[in-house]
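Report on the structure
Residue strings, one per chain:
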Amino acid sequence: MKFDTPAADNPIDQLKIIGQPVSRIDGPLKTTGTAPYAYERHDVAPNAAHGFVVGATIARGRITALDTSAAEAAPGVVAVVTAANAGPLKKGNNNTALLLAGPEVEHYHQAVALVVADTFEQARAAAALVKVDYAPAEGAFDLAKAMDGAVRPEKGDGMGGAADTAVGDFHGAFAAAPVRLDATYSTPDQTHAMMEPYASTAAWDGDRLTVWTSNQMIEWGRSDLARMLGLPKDRVRLISPYIGGGFGGKLFIRADALLAALGARAAGRPVKVALHRPLIVNNTTHRPATIQRIRIGAGRDGRITAIGHKSWSGDLPGGGLETAVNQTRLLYAGAHRLTAMRLATLHLPEGNAMRAPGEAPGLMALEIAMDEMAEKLGIDPVEFRVLNDTERDPENPDRPFSQRQLVACLRLGAERFGWSRHNPKPGQVREGDQLIGMGMAVGFRNNLLMKSGARVRLDAEGRVTVETAMTDIGTGSYTILAQTAAEMMGVGLDKVRVVLGDSSLPASCGSGGQWGANNATSGVYAACMKLREEVARTLGFNSKEAVFADGEVRAGNRAVPLAQAAGAEGLTAEDTIEYGDLAKRYQQSTFAGHFVEMAVDAATGEARVRRMLAVCAAGRILNPKTARSQVIGAMTMGVGAALFEELAVDTRHGFFVNHDLAGYEVPVHADIPHQEVIFLDETDPTSSPMKAKGVGELGLCGVGAAVANALYNATGVRVRDYPITLDKYIHRLPEVG
Amino acid sequence: MARSHDLDINRREVILAGAATAVASSLPGGAEAQPAALPGASGPSHATVSLTVNGVIREIEVDTRTTLLDLLRENLQLTGTKKGCDHGQCGACTVIVDGRRINSCLSLALMHEGQSITTIEGLGTPDQLHPMQAAFVTHDGYQCGYCTPGQICSAVAVLAEVKADIPSHVTDDLTAPIALTEAEIRERMSGNICRCGAYSNIVEAIVEVAGRRA
């Protein structure tokens, strides 16, 4: 189905099942531990040997000697795979560095060997016997030092956009502005820290490879793994029904999958590999650190006349940008605009996507800058944003937003949160020993359209089976795809079964960039439209008149049970949603207002989040229960980004020091209060027949700055370098009276 | 056993022999629990452990290095208990041992001779959910599902801890009966990381179950 004109009324609009807060259909499996994850496939690979990965202990250089003899002789060892015996391997299209190093080492903890043994204990013990000698080379590891040599990348922002943009005369307008802000912010390297380690079980059948893995993007993964191994794509099957968190880290094939495949080939039996937790941070990808300079000029009336945003980030040679300025091109009005991104070469592990790449760190900076500017202007932070709202793409006023309810998000949020109690002068509100502050920020994330396929089957019992290579990374895909099929076919949710995460099924958009829900359900919508036509044709109904409801198809005075229409053989339909140019004609984006209240101990500086509210406008909400969970989870990650999360760089040896879950601090129960989420009523007929967009990343965008602004409002101490840890503000707290 | 080893190996053998004796003496019917033949000076050894898992007595020969977590996941194929970090940092591997929750990754299987282990599979099944499992579904107290078995085992044990008046870091009065406040729940559950960030919903699920019990 080609979606190239805005959606009219369609069966989804009935909202009998879509839009209802139903509980996840995979809930009983997940809560009983019976949902199978990648390393747990005793059912399909009962005799799998265990692989343990050895990581490089230099950041850059060459392996001069690699002695595996002791490991090979160790008890239980079946095989040791290194670049020397793995055969030719190509780099994946989606990887910057090779997944198996040798002789060149490109980053710390890049895999240099896989030790395969009968048991995990044997593999781990033998891995410690692999002896590697290196000739280390010099590298660049410090973004602040490397930024002067950073360049404008030839491939632009890596997503088809330019690295630099300019409208009007930014420099002239900024210089002439009566009120100006020119400030520099920094965000640190961050790690996804999903709970399930990167893990794969691989088995060969002749030259056919099956990998049970934990991957967000089945089709990309299959292509890239085939490419790495030099196999035709159709010889590789990826199966990933349950994914223990991804957050962008599992968008691509990583060392676990490749090494499991190589290990299984060498061992002549299935092999499973989980990257051990202390290896993950430096072996895999991370969100790159940024340094961002923001300049805003405004009239005394609060209207922005000039807005400039420049960002620096680093990556390995051949890598890409953290696109931290992109939201600034679209978010606020202002006639004179400038954005720029510069890429430094750093020899740290590979930088890549993490939840809301670009916007998450970009808004952490921009939305502090907006808070600072509002204060300079003496305008309430909510009003300052309302004043500079724009209904059109500010770089191209001929291009409207498809929907833009940002002001409504802010107004409703302010009302519900009690923003009228916000004291514009910081450090004024005390409750006992606590300094209390409120902060807010805007959330913004674009809606992305990706083609997505699905197959639906109707059987003789009247049951519907949805099959697509879509993934559920905790987002609720199983449930919303079932809701879509149930709504379309007029059956109850209990009549729908959903099969996901298998590359032998129709290729899907996968999970990333908050595009999964809208595109994957639209693929199911397209397949269901075809199936409805099949049913109508079989029954001799006019498909335009046929009504699918209560397990029946009705037309005129005839009503036939779906089961009967399916016949003994059943009916099957497959289709793919594809998109025209609506996203070019209309800017499709999602919006939020984030509100946070902080309490900071006046004496110790201990900062706690007390209240959080997000008001989101993001198209049709397909399932308010799972959508809300996406948003509260993202808000939680935003608290981590604001207050705790930082990969500490060893700038001498070039690695992330705190490479486990004790050293890299993510929010825990005690850090997170009850969270409130409100979704505005919205449908976006330009986005898809579902009229939905996405929320999974919107929920994160802006949260860090809302926390930072609340902490400033509580204490009067402005910190521009994330995370806002105690050491950065305790010495600047007001004297304890 | 060979006698040509250095002092380190001798010390290891002493420990092994001690462990084997302890295991053997506690086994029903005097079953022998000799370490498996050592294939070399650095080779691993095996021993038999007997424990109760979800009400079933299990007698298993394990590599002495095997954690309780890997015994469950690999030897017994009870994969509901998750390995998130293998270092006691995330709580995904939480199980209940003799009524108290522990990180099963921080504990060797052999240390649990004669003990009773409850895993997520022992709490309920998809067709017959434990009230805590049902509450997690109702309140959407999970997303990816990987930390979920650990959260649920922890939550069940937390309610028992509070009922037994075992204080936590945030308990104000150590002598009074403990009130199950949200602060108590959050403090006690903080060893169970959920990166998807379902905390707000998890607390609501636990409150609901606690309320139903009260």
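1. Quick notes on the overall build of chain B
- A tally of helices and strands in chain B yields 7 helices and 5 strands.
- Looking at the 214 residues of chain B, the share that counts as buried comes to 48%.
- Taking contacts inside chain B between residues at least 6 apart in sequence as the whole, the part at least 24 apart equals 55%.

2. Quick look at the sheet that holds strand 3 (residues 61–67) of chain A
All names here are of chain A.
- Across the sheet, which stays open at both edges, the 3 strands sit in the order 5-3-7 with antiparallel pairing between neighbours. Unpaired on one side and paired on the other, strand 5 (104–105) and strand 7 (131–136) mark the two borders of the sheet.
- Inspection of the sheet shows strand 3 paired to strand 5 by 2 bridges, in the antiparallel sense. Residue Arg 62 lies in a different strand from strand 5, and its bridge partner there is Glu 104.

3. Concerning the domain arrangement of chain A
All names here are of chain A.
- Looking at chain A, the domain boundaries give domain 1 (38–138 + 192–283), domain 2 (359–389 + 400–446 + 588–731) and domain 3 (449–581).
- Here domain 2 and domain 3 have C-alpha centroids that lie 37 Å from each other.
- On the domain 3 side, the residues contacting the 17 residues of domain 2 number 15 residues.
- Partitioned by chemical class, the residues of the side of domain 2 that touches domain 3 number 6 nonpolar, 8 polar and 3 charged.

4. Regarding the domain arrangement of chain B
All names here are of chain B.
- Domain boundaries in chain B define domain 1 (7–36 + 46–123) and domain 2 (131–213).
- At the interface, 16 residues of domain 1 touch 14 residues of domain 2.
- When contributions to the side of domain 1 that touches domain 2 are tallied by element, the ones reaching two or more residues are strand 3 (94–97), strand 4 (100–103) and helix 3 (120–123).
- Grouping the constituent residues of the side of domain 1 that touches domain 2 by class yields 7 nonpolar, 6 polar and 3 charged.

5. What about the pairing of strand 16 (residues 336–345) of chain A?
Residues and elements named next belong to chain A.
- Burial of strand 16 is extensive: 8 of the 10 residues sit out of reach of the surface.
- Looking at chain direction, strand 8 (residues 165–167) and strand 16 are connected through 3 bridges and run antiparallel. Bridging from a neighbouring strand, Val 167 pairs with Arg 337 of strand 16.
- Here 10 bridges tie strand 15 (residues 304–315) to strand 16, and the two strands are oriented parallel to one another. Note on strand 16: the bridge partner recorded for Trp 312 is Arg 342.

6. Let's talk about the pairing of strand 20 (residues 464–467) of chain A
Residue and element names in this part refer to chain A.
- Judged from the 4 bridges that link them, strand 19 (residues 452–458) and strand 20 form a sheet pairing that is antiparallel. Paired with Leu 458 across the bridge in strand 20 is Val 464.
- Counted between consecutive antiparallel strands, the loop separating strand 19 from strand 20 contains 5 residues, among which Gly 462 sits at a positive phi close to 80°.
- Between the parallel elements strand 20 and strand 21 (residues 496–499), the chain passes through helix 12 (residues 477–489) in a crossover that is right-handed.

7. Describing helix 6 (residues 218–229) of chain A
All names here are of chain A.
- The end-to-end C-alpha separation of helix 6 is 16 Å, in line with the 16 Å expected for 12 residues at 1.5 Å each.
- Every buried residue of helix 6 is accounted for by Ile 218, Trp 220, Gly 221, Arg 222, Ser 223, Asp 224, Leu 225, Ala 226, Met 228 and Leu 229.
- Directly beyond the C-terminal end of helix 6, a positive phi value near 70° is found at Gly 230.

8. Description of the sheet that holds strand 20 of chain A
All names here are of chain A.
- With mixed pairing, 5 strands are arranged side by side in an open sheet as 1-25-19-20-21. Each edge of the open sheet is held by one strand with a lone partner, namely strand 1 (2–3) and strand 21.
- Two strands pair when backbone bridges link them, and strand 20 and strand 21 are joined in this way by 4 bridges, in the parallel orientation. Within the sheet, the bridge partner assigned to Thr 465 lies in strand 21 and is Arg 497.

Definitions and cut-offs
- Residues numbered from 1 in each chain as written.
- Chains lettered and ligands numbered in written order.
- Predicted model: local features only at pLDDT ≥ 70, side-chain atom pairs only at ≥ 80, totals over all residues.
- Helix = DSSP H or I, 4+ residues; strand = E, 2+ residues; numbered from the N terminus.
- Buried ≥ 20, exposed ≤ 12 C-beta atoms within 10 Å, placed from the backbone.
- Contact = placed C-beta atoms within 7 Å.
- Pairing = 2+ DSSP bridges.
- Domains from an automatic or database assignment.
- Nonpolar A, V, L, I, M, F, W, Y, C, P; charged D, E, K, R; others polar.
- Right-handed = clockwise from strand over helix to strand, strands pointing away.
- Expected span 1.5 Å × (residues − 1).

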